[in-house]
Amino acid sequence: MRHVLLTFLLLHSVWTLAQSTGTVRGTVRDEYGNTLPRANVTIAGTTMGVACDDQGRYSIDVPADEAIVLRWSYSGIPPFEERITVGAGQLLIRDVKLNVTTLNTAIIRGTQRDREEGMESLDPRVTRFVPSVQGGVEALLQGQLGYSTRNELSAGYNIRGGNFDENLVYVNDIEVYRPFLARAGQQEGLSFPNPDMIERIQFSPGGFEARYGDKMSSVLDITYKRPKKFAGSAMASLLGGAVHLENTMLGRRLRQVTGIRYRTNTLVLNGLDTKGQYRPTYTDIQSYWTYDLTDKVELGFLGLYSSNKFGVVPENRETEYGSFNQALRFTAFFEGQEVTRFETLFGALNVNIQANKTTRLKFTASAFNTVESERFDVLSEYYLDELERDPNSSRYGEVKQNLGIGRSLEHARNDLDATVLTFAHKGYRQLARSYLQWGADVRSEVINDKLSEWTVIDSADFSIPLNRGEDLELNYVLKSRLNMESVRASAYVQNTWRWDRGNDKWYTLIAGARAQHWTYNGQTVGSPRVRFTYHPGWKKVNDEGDTLDVDYSFWAAAGLYYQPPFYREVRNFEGQLNPDIRAQRSIHYVLGMDRRFTIWKRPFKFTAEAYYKQMDDLIPYELDNVRIRYYGQNLAKGFATGLDLKLNGEFIDGVESWVGASVMSIQEDLFNDSYTKRYNADGDLIVPGFTFDQVAVDSTVITPGWIPRPTDQRVNVAFFFQDEMPSIPTLKVHLNVNFGTGVPFGPPSANRYSDTLRTTLYRRVDIGFSKQLLGAKGQEKQGFLGKISNMWVSLEVFNLLNINNTITHTWIESVDGRQYSIPDYLTPRRYNLKLIAWF
């Protein structure tokens, strides 16, 4: 009888509970549609709650016929709350999307997945407000871990001492390239990514996963939008304009986003020391389409056409430099012109297949073609004078004496045609306790290059080098025709394990490996990579008795990063290809942490990473402006080590800012390199052009050992700050500050050991003032203006302090062998007016 009674009471309790509760079910996703495993669903003000499963699904029982506040939350994303009422025994479906950012409030971007994968998420919308000459997404990298740059005219950047060729850049999982023949930043034109079309940007400065390719420094992963409704934007400025449209069709099964950009840098180039008629014209059009063939199969296409043309008819140049004790003036007059053209076609077709609930497959075919030409004939006549610096002299500031006079004639007829065809597959599978990813690709490369360059130098009516016969010996000549055809095949596999220990404590292990074979040199390389992340879930109790999260994460990463050569690494100074060249190798060791916290009730994040990179089989190179000239042989070993720090958050409520600082050193040791110091009878070191007695009677062989690489910028600090007027929130200020120590340089030669001089400090301040014209809260719009959701006007001041920053040096040589270095300055202070509208 007791058993019957107990069973009756239990059944009655269950029935009573069912009549007094309802059920809420659904799936929790982020703003990009990704499910959020282990997200929390709780009833606000209580301890009742559940955690989502690995697919982001949840089911929670709530009190019936009672208005409650349900709260959905996930680490690193602002929570979402909703007041609901569920009837007794009823089922309510609530699918929730947690937004990383909102239009009106800047939140610290980045989710738990970013912490696990070692990626930093960036907001592409900020691009339009960062005062930058280039105006691309690269401006968002300033202040990121390990980032440095010294050229506002170039989209190139250095990460932890690596040159730009060591960085991976992906758009929709496809690797993209920049022009091959560019010598200066003003020739590059527009970078591939269009900021208006971007949905997500992720960046890693090193220690990245095996699913990313074979480069030694960093990865920038960009994903274009998949629109959900009609929208667009338009921008016009003194430097050009842009427009983009996005919409859905056929019941949202067909989606497209298209952008057109036009840019001209004439405004800033006219401020350079070299005066002339500048004619830069950069245009591109991109379009990304997706179509749902079925509920489980999506077809996508990305197309691009880009035309970057740069022309200049130089007229004259005057550069003053030196110290107070010896002030110099370099004056030059030019005849001739320079014309460069870079035309790019790109197309990619991809198919995404949701094979089942746990498996997704992606197949991609892409084609990239660039046709580049470089033409110049420039005759220059130059004078190098010393200026009078005695304040008591009547000729103060005027020419004191002439130190050199000469002429040069530079000629080039260079053409390059490159085609890259790629077929790739990627797979994703959610396993019971882990997440598996794999991929493979085959890439065909065909490059045809015709080089024809020569230079004649005349110093004080003597040709350099001196000619003793009837033939004219040129100072520099390069002529060759090259063809390189090869195939690369690569594959990778990686798995992610995650252990949740409750109370917000979790561990993540990502381990994988990739391999690549290149037919040109017959080399096969393999790269194992691993990353471990620990979130301790620490708590503390404040004075009011509330329990608060102490949100730390710690991680360690290590891996082998091979970089098989591309075309430019294979070609040496003489214009010859080296079929025996090998892949460069870098072993990464990374230790890092971040801390998320609040100050003034606003979110902040502090990140720190220490790293060491051991490098072998390095291909030495020389850096001239943005032109990288490789030695074409594996001649060195090296290392890079440093510490990166970053703080970002809302210094002003609702507006995100950040500051980053890096301290690093990158050095290399060339194999079997040495040079000889010669001494005269007086024991003086013989220096051509300086030493009177140049008859050597003694000598010493010097082994240079470790020397800095061309990108060895020891200290770099970048700061982006946004503010608004307290009484006028629609008026904002955007301040962009960059500071970097000097980088190595040396006289033009093939002797790397001589490149140990240092350029001056890089100091630049750009500022922008923005006023919201339409879209402010509470503002009424009528007629045509009612279709515009947001409109801003901005005044930008580039190089606010008008500091002369040096990008490279022009070297002139006298007939006695003495060399003079003249700094080539970047752009001075310039102003830009910009109007931006979203609709």
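First, a word on what this report is: a plain description of the structure on this page. From a predicted model like this one, the values you see are computed outputs, not experimental measurements.

Overview of a nonpolar patch on the surface
Where nonpolar side chains cluster on the molecular surface, the patch consists of Leu-238, Phe-769, Leu-795, Tyr-831 and Leu-833 and spans about 480 Å² of accessible area. Relative to the helices and strands, Phe-769 is located in strand E44 (residues 762-774).

Describing unusual backbone geometry
One non-glycine residue, Asp-617, adopts positive backbone phi at about 55 degrees. Here Asp-617 lies in strand E32 (residues 602-618). Within the chain, Asn-625 stands out as a residue other than glycine whose phi angle is a positive 60 degrees. Owing to a relative accessible area of 17%, Asn-625 belongs among the buried residues under this scheme.

Let's talk about the nonpolar core
Counting 53 residues, the largest nonpolar core has Tyr-157, Ile-201, Leu-220, Ile-222, Tyr-224 and Phe-346 as its most contacted members. Apart from residues no more than four positions distant in its own chain, Ile-201 is found in contact with Glu-120, Ser-121, Leu-122, Pro-124, Val-137, Leu-140, Leu-220, Asp-221 and Ile-222. Core analysis: the next-biggest nonpolar cluster, separate from the first, contains 18 residues, Leu-36, Val-41, Val-62 and Trp-72 among them.

A closer look at the pattern of salt bridges
Scanning the model with the defined rule gives 52 salt bridges in all. Linking Lys-225 and Glu-246 is a salt bridge whose minimum nitrogen-to-oxygen distance equals 3.0 Å. Taken together, the positions of Lys-225 in the loop between strand E15 (218-224) and strand E16 (231-237) and Glu-246 in strand E17 (residues 240-249) put the pair 21 residues apart, joining distant regions of the chain. Residue Arg-571 is joined to Asp-449 by a salt bridge in which the shortest nitrogen-to-oxygen separation is 2.7 Å. Of the two residues, Arg-571 is situated in the loop between helix H5 (567-570) and strand E31 (584-599) and Asp-449 in strand E24 (residues 434-459); the sequence distance between them amounts to 122 residues. Through salt bridges with shared partners, a single ionic network connects Glu-166, Glu-668, Arg-709, Arg-752 and Asp-755.

Some remarks on the pairing of strand E22 (residues 359-387)
Both strand E21 (residues 327-356) and E22 contribute to a ladder of 29 bridges, which runs antiparallel. Paired with Gln-354 across the two strands is Arg-360, which belongs to E22. Counting the residues between successive antiparallel strands, the hairpin from E21 to E22 contains 2 residues. Relative to strand E23 (residues 399-430), E22 runs antiparallel, the two being bridged by 29 bridges. Across the sheet, Thr-364 pairs through a bridge with Ala-424, a residue of E23.

Comments concerning the side chain of Gln-437
Assignment of secondary structure puts Gln-437 in strand E24. Residue classification places Gln-437 among the buried positions, given a relative accessible area of 4%.

Let's talk about the sheet that holds strand E12 (residues 167-171)
Strands sit in the order E9-E14-E15-E12-E13 across an open sheet of 5 strands; the sheet is mixed. The strands lining the two open edges of the sheet, one partner per strand, are strand E9 (120-122) and strand E13 (174-175). As defined by bridge partners, E12 adjoins E15 across 5 bridges and the pair is classed as parallel. Counted as the bridge partner of Asn-167 is Ser-218 from E15.

Quick notes on the environment of Gln-667
Mapping Gln-667 onto the fold places it in strand E36 (residues 655-670). The residues touching Gln-667, leaving out its near neighbours within four places in the chain, are Lys-637, Gly-638, Phe-639, Trp-706, Ile-707, Pro-708, Arg-709 and Arg-714. In this structure the side chain of Gln-667 is engaged in a polar contact, spanning 3.4 Å, whose partner is the side chain of Ser-665.

Rules used in this analysis
Residues numbered from 1 in each chain as written. Predicted model: local features only at pLDDT ≥ 70, side-chain atom pairs only at ≥ 80, totals over all residues. Heavy atoms only, no water. Patch = residues over 30% accessible without salt bridge, like charges linked within 9 Å, V, L, I, M, F, W, Y side chains within 5 Å. Areas by Shrake-Rupley, 256 points an atom, 1.4 Å probe, with all protein chains shown as cover. Salt bridge = Lys/Arg side-chain N within 4 Å of Asp/Glu carboxyl O. Helix = DSSP H or I, 4+ residues; strand = E, 2+ residues; numbered from the N terminus. Buried < 20%, exposed > 50% of the residue type's maximum accessible area, 1.4 Å probe, protein only. Core = buried A, V, L, I, M, F, W, Y, C linked by side-chain atoms within 4.5 Å. Contact = heavy atoms within 4.5 Å. Pairing = 2+ DSSP bridges. Polar contact = N/O pair within 3.5 Å; in protein donor to acceptor, adjacent residues only side chain to side chain.

Honestly, that's just the spatial picture; any functional story needs more than this.
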